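# Coordinate inspection notes
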Amino acid sequence: MKIAVLTDPETATGFRLGGLEVHTAQSEDEARERLAEMIETDDFALIAVDEGRLPEPYEAVERVMRGRDLPVLLPFTSLAQAFAAGEEDATDYMRRLVKSTIGYDIKL
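All figures in this text were calculated on a predicted structure; none of them were measured in a lab.

## With respect to the side chain of D8
Relative to the helices and strands, D8 resides in the loop between β1 (2–7) and α1 (9–17). R53 provides the closest opposite charge to the buried, unpaired D8, separated from it by 4.3 Å. Only 3.5 Å separates the side chain of D8 from the side chain of T7, close enough to count as a polar contact. In terms of polar contacts, D8 uses its side chain to reach the backbone amide nitrogen of E10, at 3.0 Å. Filtering out sequence-adjacent residues up to four positions away, D8 remains in contact with T24, A25, D50, R53 and S78.

## Focus on the pairing of strand β3 (residues 44–50)
With 6 of 7 residues buried, β3 lies mostly within the body of the structure. Bridging between β1 and β3 involves 5 bridges; their strand directions are parallel. In the sheet register, L6 faces β3, and the bridge partner there is V49. Relative to strand β4 (residues 72–76), β3 runs parallel, the two being bridged by 5 bridges. Paired with L46 across the strands is V72, a residue of β4.

## A short note on unusual backbone geometry
Note the cis peptide between L70 and P71, where omega equals 5°. Counting through the fold element by element, P71 comes out in the loop between α4 (62–65) and β4. For D42, which is not glycine, the phi torsion reads 60° and is therefore positive. With a relative accessible area of 46%, D42 lands in the partly exposed category.

## What to know about the packing of aromatic side chains
Enumeration over the complete set of coordinates arrives at 1 aromatic pair. Ring geometry for F15 versus F76: centroids 5.2 Å apart, planes at 65°, classification edge-to-face. Placement of F15 in helix α1 and of F76 in strand β4 is noted, with a sequence separation of 61 residues between them. As far as the burial class goes, F15 and F76 line up, both buried.

## Overview of the pattern of salt bridges
Note that side chains of opposite charge can pair when their charged atoms are close. Under the counting rule described, the total for this entry stands at 5 salt bridges. In this structure, E28 engages R32 in a salt bridge whose closest nitrogen and oxygen atoms are separated by 3.0 Å. Of the two residues, E28 and R32 are both situated in helix α2 (residues 28–40); the distance of 4 residues between them amounts to about one turn of the helix. On the accessibility criterion, R32 (29% relative accessible area) is partly exposed. Across the salt bridge formed by D29 and R32, the nearest N and O atoms sit 3.0 Å from each other. Taken together, the residues D29 and R32, both in helix α2 and 3 residues apart, mark about one turn of the helix.

Calculation rules
- Residues numbered from 1 in each chain as written.
- Predicted model: local features only at pLDDT ≥ 70, side-chain atom pairs only at ≥ 80, totals over all residues.
- Heavy atoms only, no water.
- Helix = DSSP H or I, 4+ residues; strand = E, 2+ residues; numbered from the N terminus.
- Buried < 20%, exposed > 50% of the residue type's maximum accessible area, 1.4 Å probe, protein only.
- Lys, Arg positive; Asp, Glu negative; His and termini not counted.
- Salt bridge = Lys/Arg side-chain N within 4 Å of Asp/Glu carboxyl O.
- Polar contact = N/O pair within 3.5 Å; in protein donor to acceptor, adjacent residues only side chain to side chain.
- Contact = heavy atoms within 4.5 Å.
- Pairing = 2+ DSSP bridges.
- Phe/Tyr/Trp six-rings, centres within 6.5 Å; stacked < 30°, edge-to-face > 60°.

Okay, structure coming up:
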């Protein structure tokens, strides 16, 4: 089983640098469809979901998740949301985001 990320194209770069499988979506509707497809494949143990693309991932795919233990959905704050909230250092933010997701610190 794999780990994947569902996010916007700008945030995707950092996760790709961390070696994760990344799926992108431009809108909430597209994110909902893509997430449902990812769940139905049974390939993933964990899917990190950008809250900017899909604010309530479990509610968005409730029907698809019914009766399943996996994948675990992990919502996270995207770059756009972080910078809107006043985050100042993009490099530090990306480093912390990747570390919290994959458990390793990388140098950008």
